[in-house]
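The chain contents come next:
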Amino acid sequence: MIHILQDQLSIVHRFWQNPRTRAPILVVSVASFGGALHAAVTTYYYLEIGASELDIGQIGFVISAGSLFLSPFAGHMLDQKGPFFPISLAAISCSIGCCVRGMAHSVGGLILGAIFLGIGVNLWTVVLAHLVNSFDRSLRSEVLSGFAVQTTCLQLLGKGFFPPFDWLLRKKMNFGHKKNVLPRYRLHMGLCTFFCFIGTFALILDRKNVNDPEKHSIGDDCTGSPLKLSHSGTKGIASSLVEADTPLDLKKDNAKTEQTIESSECVILGLLVFGLLCQSIGTTVLSVLWPFVVRDRYGLSVSEFGILEFVSSLLSTCAVASFPSIERLWGRKKTAALCAATAAACGAIAFCVSVDFSSSKLMDKENKVKSSLTGANFQFLICHAFMATIFRASLFVLEPCLKSMLSLAVPAQSQGRCLGYMATLGSIGGMTGNVVGTWLFHVSKQVFPHSYDGGILPFAAVTVLLAMASLFFYCYGEVKGSLLATDLVEDVL
């Protein structure tokens, strides 16, 4: 445990010590903290504005669509023009989107804010790509894990700050009482705007250091010498061996072997892409539908769900922090397979096992559930929370594992585009999770009208996908010793 903590502190120190990465990591840090301040209340805020479950799915779809179309562009700009323009564009758009969403009075206003947030959500992608370019390939897993841990810790801090701050507003300041909770929700949503503008202002002031090429060298390996990579076709290490002085028959045999290796690499890359897509769908479905599930099944309030979210994020952060150590112990292949399998099993137990709480349900005048958190119902809630937390932690660890495997398969000069395409995959998964997930949730409530089991169908689909991905990872493994050209990866993505 001490070793894991030392590794994380070391990589975070590298982030803040490098003048070229200091301002970008500051922007992401304040944005992560500010966004987490309203994470628990966002769904309830949308409902108070008048959005339905399908409307919330459409809002998430708009945000994911912005990332889908703009992530490759942002990665290309990062590789060609430097980091300042794509990072500043994303930061400014994120600030405007948060402001518009916090002042919205209708679903149309929420969608307008989502359009700006669709641009701003690329902030995390371009900053991560900038960090990957700024450090040696030997530190790839540490950089990906350290970035995830730092942002998650700040999100955790924001989520932990929410329950006492919300209690202070309700109990001590009598702000946003039960009959009119919208002003209090707006205040929570508006705090994010304040932090986003602070980070953007600091980035603009430090723009010279961010764009200074002398403070950073792209394409260095772990020894500090430039990597010599081929861009002619899809040749890896196997193809360079073919070009050696060998007899003609042996060259033909090696050429066939090379084609076989390239075909195998394409299959493996395709499976990694599929796994990353499944991970994104699962994460989106969990973040969007979990508030509905705990509200309908257990009657949790905003504050109670905020506490549950905080504890879940805490344990998930610890899991991500341990990723480099687990990877060194088991290898990327086994780590990816185990995470996907664990997520599938725990997700099925947490969300797909139907439990009848009719004996403990209390109905109010509006026919809404008010479950008593005592007795058997409380025990089932604890079991659900435990399994859902493991489900979430497994998905969180799976993301840097797959990104590490994919990013190491491309040349160092194309890391921005590679991470941009991976963000596009995440956006496709986010769009699928928002639209298909909320639709399945709506259908599930019609199929099970009296059991409050709207989470069965979407989470059942997610667990099946994750189980398939786990099987693929275990059977086919990873790309070994091959630095593929950009064209191959772009074809696969």
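A quick note: this is a predicted structure, and the numbers were derived from the prediction, not measured.

Analysis parameters
- Residues numbered from 1 in each chain as written.
- Predicted model: local features only at pLDDT ≥ 70, side-chain atom pairs only at ≥ 80, totals over all residues.
- Heavy atoms only, no water.
- Salt bridge = Lys/Arg side-chain N within 4 Å of Asp/Glu carboxyl O.
- Helix = DSSP H or I, 4+ residues; strand = E, 2+ residues; numbered from the N terminus.
- Buried < 20%, exposed > 50% of the residue type's maximum accessible area, 1.4 Å probe, protein only.
- Patch = residues over 30% accessible without salt bridge, like charges linked within 9 Å, V, L, I, M, F, W, Y side chains within 5 Å.
- Areas by Shrake-Rupley, 256 points an atom, 1.4 Å probe, with all protein chains shown as cover.
- Contact = heavy atoms within 4.5 Å.
- Phe/Tyr/Trp six-rings, centres within 6.5 Å; stacked < 30°, edge-to-face > 60°.
- Lys NZ or Arg CZ within 6 Å of the ring centre and 35° of its normal.
- Axes fitted to C-alpha atoms, helices over the stretch in contact; angles between N-to-C directions.
- Parallel < 35°, antiparallel > 145°, perpendicular 65-115°, else oblique.
- Left-handed = near helix turned anticlockwise from the far one by under 90°.
- Nonpolar A, V, L, I, M, F, W, Y, C, P; charged D, E, K, R; others polar.
- Expected span 1.5 Å × (residues − 1).
- pLDDT = per-residue confidence, 0-100.

1. Considering the pattern of salt bridges
- The full count for this structure, using the stated rule, is five salt bridges.
- Its salt-bridge partner being Glu142, residue Arg328 comes within 3.2 Å of it at the nearest N-O pair. One end of the pair, Arg328, is in helix α14 (residues 323-330); the other, Glu142, is in helix α8 (residues 140-172), with 186 residues separating them in the sequence.
- The exposure class assigned to Arg328 is partly exposed, which follows from its relative accessible area of 46%.
- The partner of Lys403 in a salt bridge is Glu399, and the shortest N-O contact between them spans 3.0 Å. In this pair, Lys403 and Glu399 are both assigned in helix α16 (residues 375-407), four residues apart and thus about one turn of the helix distant.
- Exposure remark for Glu399: the relative accessible area of 29% places this residue in the partly exposed category.
- Salt bridges sharing common partners tie together Asp166, Arg170 and Arg184.

2. A few points about a nonpolar patch on the surface
- A cluster of nonpolar side chains, contributed by Leu54, Phe61, Val435, Val436 and Trp439, occupies part of the molecular surface with about 420 Å² of accessible area.
- With three residues, helix α17 (residues 415-447) is the single largest residue contributor to the nonpolar patch.
- Here Phe61 is to be found in helix α4 (residues 53-81).
- Looking at Phe61, the relative accessible area reads 34%, which means it is partly exposed.

3. Points about the environment of Ser313
- Turning to its location among the elements, Ser313 is positioned in helix α13 (residues 302-321).
- Among the residues examined, Ser313 registers a relative accessible area of 2% and is labelled buried.
- Residues Ser313 and Arg392, spaced 79 residues apart in sequence, show a C-alpha to C-alpha distance of 8.3 Å.
- Apart from the residues lying within four places of it in its own chain, the contact partners of Ser313 are Thr152, Leu156, Lys159 and Arg392.

4. Looking at the packing of aromatic side chains
- Per the counting criterion, the structure on display carries 11 aromatic pairs.
- With a centroid separation of 3.8 Å and an interplanar angle of 5°, the aromatic rings of Phe351 and Phe459 are classed as stacked. Taken as a pair, Phe351 in helix α15 (residues 332-351) and Phe459 in helix α18 (residues 456-476) lie far apart in primary sequence, 108 residues in all.
- Judged by relative accessible area, Phe351 falls into the buried class, the value being 0%.
- Classification of Phe459 as buried rests on a relative accessible area of 1%.
- Here the aromatic residues Phe33, Phe194 and Phe195 are joined through ring pairs into a cluster of three or more.
- Positioned over the ring face of Tyr474 is Lys333, at 5.8 Å from the centre of the ring.

5. Thoughts on the packing of helix α3 (residues 42-49) against helix α9 (residues 182-205)
- For the pair α3 and α9, interaxial distance at closest approach is 10 Å and the crossing angle is 135°. Considering their axes alone, α3 and α9 lie oblique with respect to each other. For the pair α3 and α9, the sense of crossing is left-handed. Here α3 contributes Thr42, Tyr44, Tyr45, Glu48 and Ile49 to the contact with α9, which in turn contributes Leu182, Tyr185, Arg186 and Met189.
- Across the contact of α3 with α9, the residue classes break down as six nonpolar, one polar and two charged.

6. As for α9
- Here α9 is 24 residues long and its end C-alpha atoms lie 36 Å apart, about the 34 Å a rise of 1.5 Å per residue gives.
- The complete set of buried residues in α9 reads Leu182, Arg184, Tyr185, Arg186, His188, Met189, Cys192, Thr193, Cys196, Gly199, Thr200 and Leu203.
- On its buried side, α9 packs onto α2 (19-37), α3, α5 (84-102), α8, α10 (207-210) and α13.

7. Quick look at the side chain of Asn122
- Position of Asn122 among the secondary structure elements: in the loop between α6 (107-120) and α7 (123-134).
- Looking at Asn122, the relative accessible area reads 3%, which means it is buried.
- What Asn122 contacts, discounting residues up to four positions off in sequence, is Gly66, Ser67, Leu70, Ser71 and Ala90.

8. Re the confidence of the model for the protein
- Model confidence for the protein is summarised by a mean pLDDT of 76, while 77% of its residues fall at 70 or above.
- Predicted confidence is poor over residues 356-374, with pLDDT under 50, and the contacts of this stretch with residues over four places away or in other chains come to 34 contacts.
- For residues 481-493, every residue scores under 50 in pLDDT, and the model assigns this stretch 40 contacts once sequence neighbours within four places are set aside.

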